[in-house]
Amino acid sequence: MAELFGAISPLDWGIVAFYLLLCVGIGLYAGGKPGNPADYFRTSGNVPWWAASFSIVATETSLLTVISIPAVAYGGSLVFLQLAAGYIIGRILVAWLILPSYFRGDLVTPYALFEQRFGNGFRRLSSFIFLLTRLLADGVRLFAAAIPLKIITGLDYPTAIALIALLTLAYTWYGGLRSVIWIDVLQLAVYTLCAVFIVWYTLGLLSGLPDASALLRDAGKLTVIQLPTSFSDIFFTPYNLVGAVIGGLFLAMASHGTDHLIVQRLLACGKTSAARKALIASGFLVFGQFALFLFAGLMLWLFYEGASIAALGLNNPDELMLTFVTAELPAGTVGLFVAALFAAAMSTLSSSLSALSSSTFFDLFPKLASRGNQMRSSRLLMVVWTLIFIGFASLFTDTANPIVELGLGIAGYTYGALLGSFLMAIYSPITQNQAITGLISCVLGMALIILLSPLAWPWYTFCGLLIFSGVSLSLYKLRLAR
């Protein structure tokens, strides 16, 4: 694969360099001069709902989404959209069941809600779980983002990782969340434009192909709904209508209702009504985005006449999009694609840096908010987390799929526990000790389920929610019975 990027022209390099400088420039300008940590990590609450919505979509879109989703359609069909439908339903439920609680009072992180309900100890424990989950998941994403850069430039992985991280820090450090949100808007536009161009350009290359839709239909590539063939199929096959929709629903409730990475943007809207618009709109935007990337994969399937990955001389499906772009697109557009890869990588990392620094400042070490130069402490945490991400991502030395899948699936260990914690905090009378026991039991139980059972990954969050709720409520009932 090392030769894939050998034909990149000076024009392409110029486009990439211009894009990276534009990101830093806009980030510095949009960030303004935040005067306190709350403004730095949450903004003053006047971010337009549509900008927050675009930022949510950019945040949950990693580089792996850009190159992997087309490969899903190439090797399969459109059944991935079933999961995206569950994402929409989950966001709607969060908008009414959880979101209003975040705007009662002056919360800077969602875990502050736990201090009011279960005490400071549970707030710190939940924050620690969030920090660990984000480090593992997004640290692997950072490593994955460095793979194309290594191939393009010949840099080693640690250097490529450091370059991405330090460029991201350049605008995140100064303006905080406001810079992150507005750069996310730019980054969403860049990789969406790139995907649209690839689809349009490929359609042009296929203009002489008769009845392309019939070819896709006959090969089963246009299948959107896949019904389970048996009861066990519901739980052990990832992409069936029941499992995908229900699994996607609870996954979205956890990620968009409890993960500070997303909640931070909702708090930036300033009021519940605006946050609801941002959250629900993001679900439809993600659905459209997945449809676009999947359609790009179908165009590649037509272009390569359905050839297998091995027949194309590729090591894995993720190389498919990279191969097509570098071999078929004209000069200048390859640079746009590389810029899109940077956009996807930097949007995820910048969001993690802001969210992790915020939770560390307010949840784990709240005394920082009352000591010394608060803004200096806030920005120092940005630097510290950047270095931690660089160190963690540099531990990986190869591109083996199991490593990447582990990092991307790590949320399955904790999302059910966090979602259960929030729902029980809002709608049940359980106490701190019962919540802590439920949280620990859930994480341990999910570790056993993930490692030892063939349960399909969309069910992880729902299963974790059942464990947390069952343990904590059972302990509460035992206490009443004494």
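Residues numbered from 1 in each chain as written. Predicted model: local features only at pLDDT ≥ 70, side-chain atom pairs only at ≥ 80, totals over all residues. Heavy atoms only, no water.

On inspection of all chains with the given rule, the structure shows 26 aromatic pairs. Pairing W50 with F54 gives two aromatic rings, centres 5.9 Å apart and planes at 70°, and the pair type is edge-to-face. Pair noted here: W50 and F54 are both in helix α3 (residues 49–59), with a separation of four residues, about one helical turn. For the pair Y111 and F422, a centre-to-centre distance of 6.2 Å together with 50° between the ring planes defines the contact as tilted. Highlighted residues: Y111 in the loop between α6 (99–102) and α7 (112–118) and F422 in helix α20 (residues 411–427), separated in sequence by 311 residues. Members of the aromatic cluster, joined through ring pairs, are Y102, Y111, F114, F118, F122, F130 and F422. The ring of W173 has R379 lying over it, and the distance from NZ or CZ to the ring centre is 5.0 Å. (Phe/Tyr/Trp six-rings, centres within 6.5 Å; stacked < 30°, edge-to-face > 60°. Helix = DSSP H or I, 4+ residues; strand = E, 2+ residues; numbered from the N terminus. Lys NZ or Arg CZ within 6 Å of the ring centre and 35° of its normal.)

With that out of the way, let us pick up helix α18 (residues 374–393). Taking 1.5 Å per residue as the helical rise, α18 with its 20 residues ought to reach 28 Å, and the 29 Å between its terminal C-alpha atoms agrees with that figure. What α18 keeps buried is the set M375, S377, S378, R379, L381, M382, W385, T386, F389, I390, F392 and A393. (Expected span 1.5 Å × (residues − 1). Buried < 20%, exposed > 50% of the residue type's maximum accessible area, 1.4 Å probe, protein only.)

Moving on to the confidence of the model for the chain. Chain-level pLDDT for the chain is 83 on average; 92% of the residues reach the 70-or-more range. Long-range and interchain partners of residues 399–405, a stretch whose pLDDT sits below 50, account for nine contacts in this model, where long-range means more than four residues apart. (pLDDT = per-residue confidence, 0-100. Contact = heavy atoms within 4.5 Å.)

This part is about a nonpolar patch on the surface. Taken together, the side chains of I89, L93, L97 and Y427 make up a nonpolar region of the molecular surface, amounting to roughly 330 Å² of accessible area. Per element, the largest residue contribution to the nonpolar patch is three residues, and it comes from helix α5 (residues 80–97). Within the secondary structure, L97 is located in helix α5. Here L97 falls in the partly exposed class, since its relative accessible area comes to 33%. (Patch = residues over 30% accessible without salt bridge, like charges linked within 9 Å, V, L, I, M, F, W, Y side chains within 5 Å. Areas by Shrake-Rupley, 256 points an atom, 1.4 Å probe, with all protein chains shown as cover. Salt bridge = Lys/Arg side-chain N within 4 Å of Asp/Glu carboxyl O.)

The subject of this paragraph is the packing of helix α15 (residues 272–303) against helix α16 (residues 319–328). Remark: α15 packs on α16, axes separated minimally by 11 Å, with the N-to-C direction vectors making an angle of 65°. Viewed along their axes, α15 and α16 form a crossing whose handedness is left-handed. Residues A296, L300 and F303 of α15 form the contact with α16, whose participating residues are L320, M321, F324 and E328. Residues belonging to the contact of α15 with α16 are distributed by class as follows: six nonpolar, no polar and one charged. (Axes fitted to C-alpha atoms, helices over the stretch in contact; angles between N-to-C directions. Left-handed = near helix turned anticlockwise from the far one by under 90°. Nonpolar A, V, L, I, M, F, W, Y, C, P; charged D, E, K, R; others polar.)

One non-glycine residue, E305, lies in positive phi territory at about 55°. Summarising the element assignment, E305 is placed in the loop between α15 and α16.

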